[in-house]
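Spelled out from the first residue to the last, the chains are:
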Amino acid sequence: MGEQPIFTTKAHVFQIDPKTKKNWIPASSSAVLVSYYFDGSRNSYRIISVEGSKAIINSTITSNMTFTKTSQKFGQWSDPRANTVYGLGFGTEADLAQFVEKFREVKELTRQLEANTNGSTSDEPDPSSPAAVISQMRSLHARTSSMSSVGSENDRRSLTNSLPVSESQVKYENDRLKIALAQSSANAKKMGDRITNIKKQ
């Protein structure tokens, strides 16, 4: 099945300064697409954002992550696997509220997937089975998408503009993500080789 985008919005991306752990460093030069992806083969969710050919967010969501709204249009979450804190600045409060709601939904679905993976031995159908969770995720996505018909004209325009508009755009974004992730993997391998060489010296 591969990874499928389930929600997309636009935001300015920041990462916490690794030295001070206090200041924000812009990771994007402008507002960029930030997407939730579901990987059916791994039963996992990720938040991904790409600018140009560089992956600026590649964060696998776990059930113990928390997204914190720190102002009317800004929120953040810590990713221990990436050893960083990501920050997102949104154009509107509505965009932030939608992202927060989607984070909660995906976190709950992740918790259900983790619980199911840890083993339910009952013969009765499990509402947290991968098929049931995928169905729930699609239902939640459809419900979130339908929210664009609510609110003021500006809110509708903002929400509509923040969601993918065509299959070709999604394919284009997927191709960009694949290139960025391949480059990121190659860079990680180079860094690993450098570390190995330094340790040998």
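Everything numeric in this text was worked out from a predicted model, so none of it was measured. Throughout this document, residue positions are counted from 1 along each chain, in the order its sequence is written. The predicted origin of the model limits local features to residues at a pLDDT of at least 70 and limits the giving and counting of side-chain atom pairs to 80 or more, whereas totals for whole chains, interfaces and linings rest on all residues. Side-chain measures here rest on the full set of heavy atoms in the structure, leaving out hydrogens and waters.

1. Observations regarding the environment of lysine 73
- Residue placement: lysine 73 occurs in the loop between β6 (67-69) and β7 (74-79).
- A 1.4 Å probe rolled over the protein chains alone gives each residue an accessible area, and that area as a share of the maximum for its type sets the label: buried under 20%, exposed over 50%, partly exposed in between. Here lysine 73 falls in the partly exposed class, since its relative accessible area comes to 39%.
- Note: C-alpha distance between lysine 73 and phenylalanine 90 (17 residues apart in sequence) is 5.1 Å.
- Here, two residues are considered to be in contact whenever any of their heavy atoms come within 4.5 Å of each other. The contacts of lysine 73, once residues within four sequence positions are left out, are Leu88, Gly89, Phe90, Gly91, Thr92, Glu93 and Leu96. The way it works is that DSSP assigns letters per residue, a run of H or I at least four long becomes a helix, a run of E at least two long becomes a strand, and they are numbered from the N terminus.

2. Some remarks on the nonpolar core
- For our purposes a nonpolar core is just a set of buried Ala, Val, Leu, Ile, Met, Phe, Trp, Tyr and Cys residues, chained together by side-chain atoms within 4.5 Å. With 26 residues, the main nonpolar core has Tyr36, Ile47, Trp77, Leu88 and Phe99 as its most contacted residues.
- Contributing elements (two or more residues each) for this core: β1 (3-16), β3 (32-39), β4 (44-51), β5 (54-60), β8 (84-89) and α1 (93-117).
- With seven residues, α1 is the largest single contributor of residues to this core.
- Once residues lying within four places of it in the same chain are set aside, the contact partners of leucine 88 are Ala11, His12, Val13, Val34, Ile57, Phe67, Lys73, Phe74, Gly75, Trp77 and Phe99.

3. A closer look at the pairing of β4
- Burial runs high along β4: seven of the eight residues are buried.
- Strands were regarded as paired on the criterion that DSSP finds at least two bridges between them. As judged from the six bridges shared by β3 and β4, these two strands associate in the antiparallel manner. Counterpart to aspartate 39 in the pairing with β4 is serine 44.
- Here β3 folds back onto β4 in antiparallel fashion, the turn holding four residues, of which asparagine 43 has a positive phi close to 50°.
- Linking two consecutive strands that pair antiparallel, namely β4 and β5, is a turn of two residues; a positive phi of about 65° is found at glycine 52 within it.

4. Examining the pattern of salt bridges
- One speaks of a salt bridge when a side-chain nitrogen belonging to Lys or Arg is within 4 Å of a carboxyl oxygen belonging to Asp or Glu. A full pass over the atoms with the stated rule returns five salt bridges.
- Put simply, glutamate 101 and arginine 104 hold a salt bridge, and the shortest N to O gap is 3.7 Å. Taken together, the residues glutamate 101 and arginine 104, both in helix α1 and three residues apart, mark about one turn of the helix.
- Take glutamate 101: its relative accessible area is 35%, and that puts it in the partly exposed class.
- Residue lysine 102 is joined to glutamate 105 by a salt bridge in which the shortest nitrogen-to-oxygen separation is 3.2 Å. Of the two residues, lysine 102 and glutamate 105 both sit in helix α1, three residues apart, roughly one turn of that helix. Exposure class is identical for lysine 102 and glutamate 105. Each is buried.

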